[in-house]
Amino acid sequence: MIEPGATIGIVGGGQLGRMLSVAAAQLGYRCHIYDPHERPVAADIAAEFTRGDFSNVDELRRFGDSVDVVTYEFENLPAAPLTHLGDKLRPGTRSLEVAQDRAEEKSFIERTGARVAPWRRADSLQDVQAAVAELGCPLVLKTRRYGYDGKGQAWVREPAEAASAWGAIGEQPAVAETGVAFQAEFSVVVARGKHGNIAFFDLPENRHEDGILRRSSVPASSAVLEHGPSARAMAAGIAEALGHIGVLTVEFFACPEGPLVNEIAPRVHNSGHWTIEGAATSQFEQHIRAICNLPLGSTALRSRAVTMDNLIGDDVLRWPELVSEPGASLHLYGKGAPRPGRKMGHVTRVRT
Ligand code: AMP
């Protein structure tokens with residue numbers, strides 16, 4: 001057990017690192033942020049900050065030596081340098097490697113017995129055209145690496161769009177995946193401890209716009225809830241197969257024939273922000289508990305219904321109105337001037 005008073009290293013200094021640091025501080029831990037930016041938003045909250053490149057092995061080693069355990073708050077990190085952190089890194093690099101490459105991720109998920117939408121590797125325009133011929137349209141092309149919030153994606157709605165979509169994603173190695181006519185989107189946010197103990201949060205139903213999460217709602221609709229048991233079993237199977245320690249998020253499409261996994265995030269997730277006010281233990285505290293080998297906390301709901309709305313770009317300018325709204329919990333990430341598409345904060349409303 002890593003006892004309160006110890007220092008938790010967090011690779012990445014964005015809003016997830018910031019909210020992890022708040023939760024860690026509540027349990028008496030100190031946090032040390034490692035990030036290449038000059039002033040990452042998590043550093044405002046943490047006890048220590050090292051500015052360093054994610055591929056700088058010497059700097060990462062020094063950072064690892066100065067802390068008791070290390071975690072990461074986003075997955076687009078080179079995995080090889082992090083292997084030097086050894087057992088201190090939780091979750092390990094396996095979770096990272098699988099989650100950061102969409103082709104690897106889909107094959108891995110299928111090997112665990114979970115289902116994904118029909119897909120093909122697409123390393124050339126010929127591959128895209130072959131995928132169109134085999135899977136039909138609509139298809140979505142997604143770059144294998146460095147895609148997030150709908151970035152690195154292009155739709156092929158009819159065969160003639162194959163070339164323009166391939167151009168739109170920068171002709172990079174990609175996956176071509178069937179466009180799913182889903183009933184709803186939802187996620188399973190699960191925590192797994194060192195000894196395989198597991199705890200699930202209630203399922204948030206997620207609404208995206210332009211590839212970015214807008215709202216998560218709990219409880220989810222019946223179209224989602226009927227898939228709860230099988231989706232949870234799939235998420236547990238994935239966490240187990242990865243040997244994951246910490247919070248893992250599995251995003252799903254709810255389809256009449258059952259849930260399909262869209263993607264996994266080896267970390268706390270935007271669709272779990274509602275847990276700060278809505279659950280007995282937040283996803284952030286749960287992650288800290290898991291990586292420090294503390295008992296996992298209760299995930300019981302603290303209210304009948306919860307909604308979490310993201311404040312994207314200029315949405316954040318509404319903060320004076322939101323901060324005056326009775327019962328609304330406003331979270332601002334301290335990112336300064338809003339930029340289009342940037343997650344600036346969120347607001348959670350609970351109904352008791
Ligand atoms: P992703 O970055 O893969 O999570 O995609 C962002 C969003 O785009 C998803 O949450 C969906 O709303 C939409 N999307 C992604 N893949 C598909 C698909 N195969 N079929 C339908 N919609 C999709």
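The shown structure was predicted, so the numbers you read here are calculated from the model rather than taken from an experiment.

Before going further, it helps to examine the environment of Glu209. Its location among the elements puts Glu209 in strand 11 (residues 205–209). Residues Glu209 and Gly313, spaced 104 residues apart in sequence, show a C-alpha to C-alpha distance of 13 Å. Polar contacts involving the side chain of Glu209 include one to the side chain of Arg207, which spans 2.7 Å.

By nearness alone, 17 residues border the ligand, and Gln153, Glu177, Val180, Glu185 and Glu263 come closest of all. Side-chain polar atom of Asn262 to an oxygen atom of the ligand: 3.0 Å apart, as the coordinates give it. Notes on the ligand: free accessible area 470 Å², of which the protein chains cover 92%. Going through the elements one at a time, strand 6 (139–143), strand 7 (153–156), strand 8 (174–178) and strand 14 (258–265) are the ones with two or more residues in the shell around the ligand. For the shell around the ligand, the class distribution of residues is 5 nonpolar, 7 polar and 5 charged. Each of domain 2 (118–178) and domain 3 (184–351) gives at least three residues to the shell around the ligand.

So, on to the pattern of salt bridges. This structure, assessed with the given rule, holds 19 salt bridges. Put simply, Asp315 and Arg214 hold a salt bridge, and the shortest N to O gap is 2.6 Å. With Asp315 in the loop between strand 15 (305–312) and helix 12 (319–324) and Arg214 in strand 12 (residues 212–218), the pair connects residues that are 101 residues apart, well separated along the chain. Between Asp309 and Arg349 there is a salt bridge, with its nearest N and O atoms 3.3 Å apart. On the criterion of sequence distance, the pair formed by Asp309 in strand 15 and Arg349 in strand 17 (residues 343–351) is long-range, its members being 40 residues apart. Looking at Asp309, the relative accessible area reads 14%, which means it is buried.

So, on to the packing of aromatic side chains. Within a pair of aromatic rings, the relevant descriptors are the distance that separates the centres and the angle that separates the planes. According to the stated counting rule, one finds 6 aromatic pairs in the structure shown. Each ring, one from Phe54 and one from Phe74, has its centre 5.7 Å from the other, and the planes form 55°; the classification is tilted. In this pair, Phe54 sits in the loop between strand 3 (48–51) and helix 2 (57–65) while Phe74 sits in the loop between strand 4 (69–72) and helix 3 (79–82), placing the two residues 20 residues apart along the sequence. A relative accessible area of 13% means that Phe54 is categorised as buried. Given a relative accessible area of 27%, Phe74 falls into the partly exposed group. Their ring planes at 10° and their centres at 5.0 Å tell us that Phe186 and Phe252 sit as a pair that is stacked. Of this pair, Phe186 sits in strand 9 (residues 184–192) while Phe252 sits in strand 13 (residues 246–255), and the two are 66 residues apart along the sequence.

As a rule of thumb, nonpolar side chains are buried together in soluble globular proteins. Grouped together as the largest cluster of nonpolar side chains are 35 residues, with contacts concentrated most on Ile8, Tyr29, Trp274, Phe284, Ile288 and Cys292. In terms of residue count, the dominant contributor to this core is helix 1 (residues 15–26) (5 residues). Formed jointly, this core draws a minimum of three residues from each of two domains, domain 1 (7–89) and domain 3 (184–351). Discounting residues that sit within four places of it in the chain, Cys292 has contacts with Met1, Ile2, Ile8, Tyr29 and Val69. In terms of nonpolar packing, the next biggest core, distinct from the first, is built from 28 residues, Phe186, Val190, Met234 and Leu248 among them.

Turning next to the pairing of strand 12. The pairing of strand 11 with strand 12 spans 5 bridges and is antiparallel. Note that in strand 12 the partner of His208 across the bridge is Leu213. Hairpin geometry of strand 11 and strand 12 is characterised by an intervening segment of 2 residues between the two adjacent antiparallel strands and by a positive phi of about 50° at Asp210. In terms of strand pairing, strand 12 meets strand 15 through 4 bridges, oriented antiparallel. Residue pairing in the sheet places Ser217 in a bridge with Thr307 of strand 15.

Taken domain by domain, the protein consists of domain 1 (7–89), domain 2 (118–178) and domain 3 (184–351). Summarising the inter-unit geometry, the C-alpha centres of domain 2 and domain 3 are found 28 Å apart. Listed by partner, the interface residues are 4 residues for domain 2 and 6 residues for domain 3. Buried area between domain 2 and domain 3, summed over both chains or domains, comes out near 350 Å², and the portion from carbon and sulfur atoms is 34%. Summed over the shared surface of domain 2 and domain 3, the result is 0 salt bridges. At the junction of domain 2 and domain 3, the tally comes to 1 residue pair in polar contact (both at pLDDT 80 or more).

Cut-off values and rules
- Residues numbered from 1 in each chain as written.
- Predicted model: local features only at pLDDT ≥ 70, side-chain atom pairs only at ≥ 80, totals over all residues.
- Heavy atoms only, no water.
- Helix = DSSP H or I, 4+ residues; strand = E, 2+ residues; numbered from the N terminus.
- Polar contact = N/O pair within 3.5 Å; in protein donor to acceptor, adjacent residues only side chain to side chain.
- Near = heavy atom within 4 Å.
- Areas by Shrake-Rupley, 256 points an atom, 1.4 Å probe, with all protein chains shown as cover.
- Nonpolar A, V, L, I, M, F, W, Y, C, P; charged D, E, K, R; others polar.
- Domains from an automatic or database assignment.
- Salt bridge = Lys/Arg side-chain N within 4 Å of Asp/Glu carboxyl O.
- Buried < 20%, exposed > 50% of the residue type's maximum accessible area, 1.4 Å probe, protein only.
- Phe/Tyr/Trp six-rings, centres within 6.5 Å; stacked < 30°, edge-to-face > 60°.
- Core = buried A, V, L, I, M, F, W, Y, C linked by side-chain atoms within 4.5 Å.
- Contact = heavy atoms within 4.5 Å.
- Pairing = 2+ DSSP bridges.
- Buried area = accessible area lost by both parts, 1.4 Å probe.

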